[in-house]
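Structural description and commentary
Here is how the chains run, residue by residue.
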Amino acid sequence: MDSSRIILKTILNRSDNGLGMVGERLVIGGWVKSSKELRKEEPLKTSDVPLNVATPTDVTCVELIQSRMPFFRSIMKVFGGHSYNIRDKLESIVAKPPPPSVSVLQISDGSCVRSLQIVVDSSLVPPSHIMLTGTCILVEGILQQPSLQGKHIIELKAEKILHVGMVDHAKYPLSKKRIPLDSLRDHAHFRPRTTTVASVMRIRNALNHATHTFFHNKGFLNVQVPIITTTDSEGSSQKFHVTTLLGQTMKKEKPASMEDRAGDSLQSVKVSIAEKNRQIEELKRTDSNEEALAAALQDLRKTNELALQLEAREKSKADHTYVKTDKLKFSEDYFSCQTYLTVSGRLHLESYASALGDVYSFGPRFHAERSESKKFLPEINMVELEMAFSQLEDAMNCANDLLKFLCAWVLEHCSEDLEFMSKRVDNTIVDRLQSLASGSFDKISYAEAINVLKKVTAKKFDVNIEHGIPLSEELQCYIADEIYKRPVIIYNYPKNHKPFNVRVNDDGKTVAAFDLIVPKAGTLIRGSQTEERFNMLESRIKELSLSKDQYWWYMDLRRHGTAKNSGFSLVFDLLVLSATGLNDVRDVIPFPRSFGKISN
């Protein structure tokens, strides 16, 4: 980092908007958001002087020739092509350097929403080098009040150019007009340069910091849980396997035939489809002729048809092309057993809660379900905690306090970004966050939730509403969005809806678990009281046909010094989604991974 560089928020976010720093010499760096070139005032040309005014005696020969250039061109046209070389030479004699100008740049360094206006004289650097969107520039100059009328209160008059990182306009994806968020996902490495994504990331950073602040203030200890594990508290069958055996298996197989390489061809076709979609979007943005657009759409349709044919062929050969895990010798694997990317870290947190009291973890979790939901990704960040000597009510209260704290924090520390997102994306963001920060949450049991849904007549659900059905995302969101119109905590679920280690209630049918559902965002938090009774936990493992050998260490926690524990998991990325007003979780994650797609 250049120790002399001043970040823009220290200037623009001052109470006086930077006026108190006028006259200071500063070093500013950032990326060009927009620009314009202004010509300086030019002296009156000789050709502009009326014919009845005498030409000054100090007019140079070149100026005289230039003023009579139209006359010379007329003569040359009469004599035809033989005079072409003479014309070139004559024009080269009178050619002048481009007139002096100033480049007016709006630059951003990512520290705040607003940009700083920088005025650069063409004598310092040619305008063509610095005016393209995305150009990186580091300059030294004097902060002053604007010399040009406009919305800016201050500007920097550049006196030295310390660095210029030029842009290839033809290949730079942000050179075009405003690009839709779904198109930006194909350029994850550039999208934080857009104002919208930059605001999202600053809000995300604030929520990240607030999360750690909350737990620090409450006396929790931060524990990093393993990403690679053999156990799973959620009992998910869709997990990512971690193995080194597949490469060895593939080496032993014979080379693939042309038909066996259909998967490679399909991947190439999918890449081609993505490229054609980008070309069509560009044609639409640039108002190209309808004939070219129609041809591009026809080409895309044919390519999609080819992709469907290849997918069908690949599906029919699935049993022959995939290596089944039951054929792999995991005793020869890196860890000598089956291992997975962790789905949840709460089991491991329990071991530390049983020694340290209150603990939490913050990191990525992995689910291999092939979901198309805008609120689900295979890699997503979770905040998880466990509290020793606590019960379900304690976990629900802590979840309530955490969510209120995070909303209040982002309202206080991200007002500029929230204002921008309200104007650009969703004008209800601030009101929603204020409601979460200061409003009350409703608490209802699973049985009450079913009874409430049974009374709904204005909507037809995909399932018949009856006791025992899982509360899908659709049902939970309807309860929070349409019925209560505020956050709702649903607790005491049927025991077959929740993991093996959730404490069974006295009725023997339900378990001490809860979900916290927020309007628009859906289920942000899932929590429970864990089963501390050894015999009950053992019977649940047997009931669900789980491997006792796999959970031997977890059972040890119940054998030796067990205590009542409770905790929850907060889906951090959905919290960011709610705070920004966006509707697709892929747009609030720096480098999202989704089913069938990973770009960088």
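What counts, and where the lines are drawn
Residues numbered from 1 in each chain as written. Predicted model: local features only at pLDDT ≥ 70, side-chain atom pairs only at ≥ 80, totals over all residues. Heavy atoms only, no water. Core = buried A, V, L, I, M, F, W, Y, C linked by side-chain atoms within 4.5 Å. Buried < 20%, exposed > 50% of the residue type's maximum accessible area, 1.4 Å probe, protein only. Helix = DSSP H or I, 4+ residues; strand = E, 2+ residues; numbered from the N terminus. Phe/Tyr/Trp six-rings, centres within 6.5 Å; stacked < 30°, edge-to-face > 60°. Lys NZ or Arg CZ within 6 Å of the ring centre and 35° of its normal. Contact = heavy atoms within 4.5 Å. 1 Å grid on protein atoms, 1.4 Å probe; cavity = no way out; pocket = protein on both sides within 12 Å on 5 of 7 lines; lining within 4 Å. Points joined across faces, edges and corners; volume = space filled by probe spheres on them. Nonpolar A, V, L, I, M, F, W, Y, C, P; charged D, E, K, R; others polar. pLDDT = per-residue confidence, 0-100. Pairing = 2+ DSSP bridges. Axes fitted to C-alpha atoms, helices over the stretch in contact; angles between N-to-C directions. Parallel < 35°, antiparallel > 145°, perpendicular 65-115°, else oblique. Left-handed = near helix turned anticlockwise from the far one by under 90°.

**Focus on the nonpolar core**
One finds L207, L403 and F514 to be the most contacted residues of the largest nonpolar core, which totals 57 residues. In terms of residues, this core owes the most to one element, helix α13 (residues 392-413), which gives 11 residues. Listed in part, the 22 residues of the second largest apolar core include L8, I11, I28 and M131.

**A closer look at the packing of aromatic side chains**
Considering all chains together, one arrives at 13 aromatic pairs under this definition. When the ring of F214 is compared with that of F215, the centres are 5.3 Å apart and the planes differ by 80 degrees; the resulting orientation is edge-to-face. The exposure classification of F214 matches that of F215, with both residues buried. Relative to Y493, the ring of Y446 has its centre 5.7 Å away and its plane inclined at 45 degrees; by these criteria the two rings are tilted. Taken together, the positions of Y446 in helix α16 (residues 446-454) and Y493 in strand β13 (residues 488-494) put the pair 47 residues apart, joining distant regions of the chain. In this structure, Y446 and Y493 share a single accessibility class: buried. Grouped by ring-pair contacts, the aromatic residues F214, F215, F220, Y360, F405 and W409 constitute a single cluster. It is R558 that lies over the ring of Y554; its NZ or CZ is 4.6 Å from the centre.

**Points about unusual backbone geometry**
If you check the backbone angles, F389 has positive phi at about 55 degrees while not being a glycine. Within the secondary structure, F389 sits in the loop between β11 (379-388) and α13. The phi angle at N492 is positive, at roughly 60 degrees, despite the residue not being glycine.

**Some points on helix α12 (residues 346-356)**
An α-helical turn contains 3.6 residues, so a residue and the one three or four places further along point in the same direction. Of the positions making up α12, those classed as buried are R346, L347, H348, L349, E350 and A353. Those residues of α12 that are buried are in contact with β7 (228-229), β10 (358-366), β11, β15 (522-529), α19 (552-559) and β16 (565-571).

**Re empty space enclosed by the protein**
According to the stated counting rule, one finds 1 cavity of 30 Å³ or more in the structure shown. By volume, the largest cavity amounts to about 30 Å³. Taken together, E350, S354, L557, R558, G561, T562, A563 and N565 form the lining of the largest cavity. For the lining of the largest cavity, the residue count by class is 2 nonpolar, 4 polar and 2 charged.

**Some details on the confidence of the model for the protein**
Fine structural detail should not be taken from predicted coordinates in areas where pLDDT scores are low. On average, residues of the protein carry a pLDDT of 85, and 83% of them reach 70 or more. The secondary structure element of the protein with the lowest average pLDDT is helix α11 (residues 318-321), at 48, and the one with the highest is strand β6 (residues 221-222), at 98. In this model residues 42-64 is a low-confidence stretch, pLDDT under 50, and it forms 8 contacts with partners more than four residues away in sequence or in other chains.

**Describing the environment of M21**
Residue placement: M21 occurs in the loop between α1 (9-12) and β1 (25-39). Its relative accessible area of 9% is what places M21 among the buried residues. For the pair M21 and L143, spaced 122 residues apart in sequence, the C-alpha to C-alpha distance is 6.9 Å. Setting aside anything within four residues of it in sequence, one finds M21 in contact with T10, I11, R14, L26 and L143.

**Focus on the sheet that holds β1**
Read once around its circumference, the closed barrel built from 5 strands follows the order β1-β2-β3-β5-β4, with strand pairing classed as mixed. The sheet shows a mean angle of 55 degrees between the axes of neighbouring strands, direction not considered.

**A look at the packing of helix α7 (residues 195-217) against helix α20 (residues 572-580)**
The description of two packed helices rests on the angle between their axes and on the distance between the axes. In the contact formed by α7 and α20, the axes pass within 10 Å of each other and the chain directions differ by 125 degrees. One way to sum up the angle between α7 and α20 is to call them oblique. When you trace α7 past α20, the crossing you get is right-handed. Each of V200, I203, R204, L207, N208 and T211 in α7 lies in contact with α20, whose residues at this interface are F572, D573, L575, V576, A579 and T580. A class-by-class count of the residues in the contact of α7 with α20 yields 7 nonpolar, 3 polar and 2 charged.

**Quick word on the sheet that holds strand β8 (residues 241-242)**
The 3 strands lie next to each other as β7-β9-β8, forming an open sheet whose pairing is antiparallel. Across the chains shown, the open sheet's two edge strands, defined by having one partner strand only, are β7 and β8. Relative to strand β9 (residues 339-341), β7 runs antiparallel, the two being bridged by 2 bridges. Bridge pairing in β9 links I228 to L341.

**Considerations on the environment of G29**
By secondary structure assignment, the location of G29 is in strand β1. Overall, G29 belongs to the buried group, its relative accessible area being 6%. Considering only alpha carbons, one finds G29 and L8, 21 residues apart in sequence, at a separation of 8.6 Å. Sequence-distant contacts of G29, that is, excluding residues within four places in its chain, are made with R5, I107, D109, I137 and L138.

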